[in-house]
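Tertiary structure, described
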Amino acid sequence: MAAKLNLIWTFISHYKYLIVIVIGVAIVGFLDDNSFVKRVQYELQISDLKEEISKYEAQHEADSRRLRELKRNPKAIEKIARERYFMKADDEDIYVLSGDLQQTTQADETAQ
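Let me begin by describing the structure that accompanies this report. (Residues numbered from 1 in each chain as written. Predicted model: local features only at pLDDT ≥ 70, side-chain atom pairs only at ≥ 80, totals over all residues. Heavy atoms only, no water.)

Considering only enclosed or pocket space, the largest pocket measures out at about 200 Å³ in volume. If you list the elements that add at least two residues to the lining of the largest pocket, you get helix H3 (36-72) and helix H4 (74-85). Of the residues forming the lining of the largest pocket, the biggest block, 6 residues, is contributed by H4. Partitioned by chemical class, the residues of the lining of the largest pocket number 3 nonpolar, 1 polar and 6 charged. (1 Å grid on protein atoms, 1.4 Å probe; cavity = no way out; pocket = protein on both sides within 12 Å on 5 of 7 lines; lining within 4 Å. Points joined across faces, edges and corners; volume = space filled by probe spheres on them. Helix = DSSP H or I, 4+ residues; strand = E, 2+ residues; numbered from the N terminus. Nonpolar A, V, L, I, M, F, W, Y, C, P; charged D, E, K, R; others polar.)

Further remarks concern the packing of aromatic side chains. This structure, assessed with the given rule, holds 1 aromatic pair. Here Phe11 and Tyr15 contribute two aromatic rings whose centre-to-centre distance is 5.0 Å and whose plane-to-plane angle is 50°, an arrangement assigned as tilted. The class for Phe11 is partly exposed, based on a relative accessible area of 49%. Exposure remark for Tyr15: the relative accessible area of 35% places this residue in the partly exposed category. Residue placement shows Lys55 over the ring face of Tyr56; its charged tip is 4.9 Å from the ring centre. (Phe/Tyr/Trp six-rings, centres within 6.5 Å; stacked < 30°, edge-to-face > 60°. Buried < 20%, exposed > 50% of the residue type's maximum accessible area, 1.4 Å probe, protein only. Lys NZ or Arg CZ within 6 Å of the ring centre and 35° of its normal.)

So this is what it looks like as structure tokens:
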């Protein structure tokens, strides 16, 4: 038993710096809050958030253009009312085709 302990103690004393470095790298690399694994997870999360930001910026640009058009042109309000909400003037008749209804719902979903 003492021979085994002496052998283990000799191994530890001979490779003490290597053992400390391996344990330190393991702690910093995998177990710590600032580990490499967490860093990779954070980088993936950052890239997802950047994609979401670009999507919202594009949506903001489209909505801003539409709002400017509505402020400049009163006919645009009438056009939207006719196309989306099937409103009509007193002397008009509206015929809704099934394909038109699908296109309108798809346009509403993309606008949201």
